[in-house]
Amino acid sequence: MAYPDPDSRSAALGARARAVFPGGGTRSLTQLAPYPIYAREAEGCRVTDVDGVERIDFINNYTVQLFGHSHPAIVEAVVSQAERFMSLTLATESEIELAEQICGRAPSLQRIRFTNTGTEAVMHAIKGARACTGRPKIAKCEGVYHGAYDYAEASLDPDPQNWGTDRPRPVGYAKGTPAGLLQDAVIIPFNDVAQSREILDRHADSLAAVLVDPVPSRCGGLPMSPAYIEMLHDFRRSSGALIIDDEVVCFRLHEGGAQTLYGLEPDLTTLGKVIGGGMPIGAVAGTEEAMSVYDSSAGKAACPQSGTFTANPLSMAAGVASMRMFTKDAIDRLNALGETARERLREAFRIAGVEGQITGEGSLILFHMSDEPLADYRAVYRAGTEGRARRLEALFRSLLNHGVITSFTGMACLSTPMEEAEIDHLADAVLAGLRSLEREAA
Ligand SMILES: Cc1ncc(COP(=O)(O)O)c(C=O)c1O
C-alpha cells in the first residue's frame, strides 16, 4: 500500500486524531500531511504500520534505538522490573547500576544525576552552571538544537531577516519568548574560532557556561574542529565559565561518548536517548566539583534537582540492559557500517546525477540536496533554500514507499540489527527516489 492512501487505517486514525489534537498530532516529528503513519509493531530494525506495511527503520526514534526495537535483553529487563514495581518513592539498586555503567566512560563523567528527558537534562545543566558560577548568561551555537528549555531554544531557527548581519544575535524560537530571557543568551557561530572567541570574551564576566554539541545535525552533521575545542578549553581557563557538552544524540558515536572521540573536556555533559534503551531518560553527568551543586545531603542543594519520575525504575532497568551492550565492539561495527552507508549513498547521488551531499559521523547520516560547503547553521540554511528543503521532503516521502523510514529533515541513523543488506536496501531506495525527483523536475 502506497502512502498516502485515503482508504488506509492510518488515514482513518488521522481523522480521529484531528478531533483531539491541535493540528491532528501530539508530536511534531510524527506529524505528516495528509495524515501520520501509525505503528502496529516493530522488531529489530523493522517497523510494521497499522496497514501491514513493513519498513526498515533508519531513524530509530531520532537515534534512541541503537539496538533496534524490542531487543530481547531490554524487553526482559523492562518486563521483570514492571512485574516487581513501576514507580515508587524509594531509591533502587538499578539507578546505581546505570550510573556505574556511565560514570568512568570518560574522565569528566565522574558523577551523574538522572532526569526524564534530554530537555530536562539540558535545563538542569544550565541551572547547575549558574549555581556553580553565580552568573546568568548561557552561550550556545546559532541554530543548534538542545531541547525545549527556553534558553536552549534561543536562535534555534533564525533567518536572514532576523539573525543579524555581522555577528549572530539572540532570536526567540517560540512566539512570545520574553526579551529578558534573550538578554541572557549569547549566540556564537559553530566552528568559527575567531568570531566565537571575540563574542565570548565580551560576555566573559557574566557567562555561566558555553553549551555545545560536538556534532550538531543542524550545522551539517560535521564535527567540532580541534581548534574550536581548544578555543573552548582556553576560554574556560580565562573566564571561569563552564563547558556543557550536549551528548543526548552524539554519545552513541563512541563507547566513551563524543567527548572521548574528539578530545573535548567538559565540566557537565547532558545525556539521553540511548542510555535509556528506549524508555524516557536524560542525565546530567560531570566532574565531582561541578556536580556538587546538586548535592542535597546537607540540606537544600545549591541547585535543587528532583522530580516524580526521576530515575524511574523502568528507564533504569532498560538503560542498564542497553548500556551493558554499549561496547567498543558494537559501536565500532556500527560506525564502520555507517561509513559504508555514506559511501553507498554518495554513489547513489553520483549515479542519479542529482546535486547533493551526504555527511555525518559514525552511525549518524545526513542528506543535503546541495553541493555547497556546510560549515555552520547559516550555510545549512542556505543549502535548504531554493526548493531544496522541499526536494529533501520529497525524497523522504519516496523512501516511505520504498520500505525505508528516515526523517523529513534529512537525518538517518543505524541500529545494531542492521547488516550490509539493509544498507543495500537504503542505497537502492535512495537511488530510486532521486531518479523520481529528477523525472518530476524534467
Ligand atoms: C542534541 C539534543 N539535545 C537535547 C535534546 C532533547 O532531548 P529530549 O527530546 O529527550 O527532550 C535532543 C533531542 O533530540 C537533542 O537532539
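Residues numbered from 1 in each chain as written. Predicted model: local features only at pLDDT ≥ 70, side-chain atom pairs only at ≥ 80, totals over all residues. Heavy atoms only, no water.

**Some thoughts on the nonpolar core**
Thinking step 1. Phe-58, Phe-114, Ile-275, Phe-367, Val-430 and Leu-434 are the most contacted members of the largest nonpolar core, which has 57 residues in total.
Thinking step 2. With 8 residues, helix H13 (residues 328-352) is the single largest residue contributor to this core.
Thinking step 3. Both domains that furnish three or more residues to this core are identified here as domain 1 (38-66 + 327-441) and domain 2 (72-325).
Thinking step 4. With residues near it in sequence (within four places) discarded, Phe-114 still touches Glu-95, Leu-98, Ala-99, Ile-102, Ile-275, Ile-281, Gly-282, Ala-283, Gln-305, Thr-310, Ala-311 and Met-316.
Thinking step 5. Counting residues in each nonpolar core, the second largest holds 42 residues, with Ile-59, Val-212, Cys-250 and Ala-258 among its members. (Core = buried A, V, L, I, M, F, W, Y, C linked by side-chain atoms within 4.5 Å. Buried < 20%, exposed > 50% of the residue type's maximum accessible area, 1.4 Å probe, protein only. Helix = DSSP H or I, 4+ residues; strand = E, 2+ residues; numbered from the N terminus. Domains from an automatic or database assignment. Contact = heavy atoms within 4.5 Å.)

**Here we look at the site of the ligand**
Thinking step 1. All residues adjacent to the ligand are Thr-117, Gly-118, Thr-119, Tyr-145, His-146, Gly-147, Asp-213, Asp-246, Val-248, Val-249 and Lys-273.
Thinking step 2. One of the backbone nitrogen or oxygen atoms of Gly-118 is found 2.8 Å away from an oxygen atom of the ligand.
Thinking step 3. A distance of 2.9 Å separates an oxygen atom of the ligand from a polar side-chain atom of Lys-273.
Thinking step 4. Taking 390 Å² as the accessible area of the ligand by itself, protein coverage stands at 80%.
Thinking step 5. For the shell around the ligand, a count of residues per class yields 3 nonpolar, 5 polar and 3 charged. (Near = heavy atom within 4 Å. Polar contact = N/O pair within 3.5 Å; in protein donor to acceptor, adjacent residues only side chain to side chain. Areas by Shrake-Rupley, 256 points an atom, 1.4 Å probe, with all protein chains shown as cover. Nonpolar A, V, L, I, M, F, W, Y, C, P; charged D, E, K, R; others polar.)

**Digging into helix H5 (residues 118-133)**
Thinking step 1. With 16 residues, H5 ought to run about 22 Å at 1.5 Å a step, and its terminal C-alpha atoms sit 23 Å apart, in line with that.
Thinking step 2. Listed as buried for H5 are Gly-118, Glu-120, Ala-121, Val-122, His-124, Ala-125, Ile-126, Gly-128, Ala-129 and Arg-130.
Thinking step 3. Regarding H5, its N-cap is Thr-117, as a side-chain oxygen of that residue lies 3.4 Å from the backbone nitrogen of Thr-119 further along. (Expected span 1.5 Å × (residues − 1).)

**Some details on the layout of surface pockets**
Thinking step 1. Of the volumes computed, that of the second largest pocket is approximately 770 Å³.
Thinking step 2. Looking at the second largest pocket, it is lined by 32 residues, and the ones nearest its centre are Leu-29, Thr-30, Ile-37, Ala-39 and Ile-405.
Thinking step 3. Sorting the residues of the lining of the second largest pocket by element identifies strand E1 (39-43), strand E2 (46-49), strand E3 (54-57), helix H2 (60-63) and helix H15 (388-400) as the ones contributing at least two each.
Thinking step 4. The greatest single-element share of the lining of the second largest pocket, amounting to 4 residues, is contributed by E1.
Thinking step 5. Considering only residue class, the lining of the second largest pocket consists of 16 nonpolar, 10 polar and 6 charged. (1 Å grid on protein atoms, 1.4 Å probe; cavity = no way out; pocket = protein on both sides within 12 Å on 5 of 7 lines; lining within 4 Å. Points joined across faces, edges and corners; volume = space filled by probe spheres on them.)

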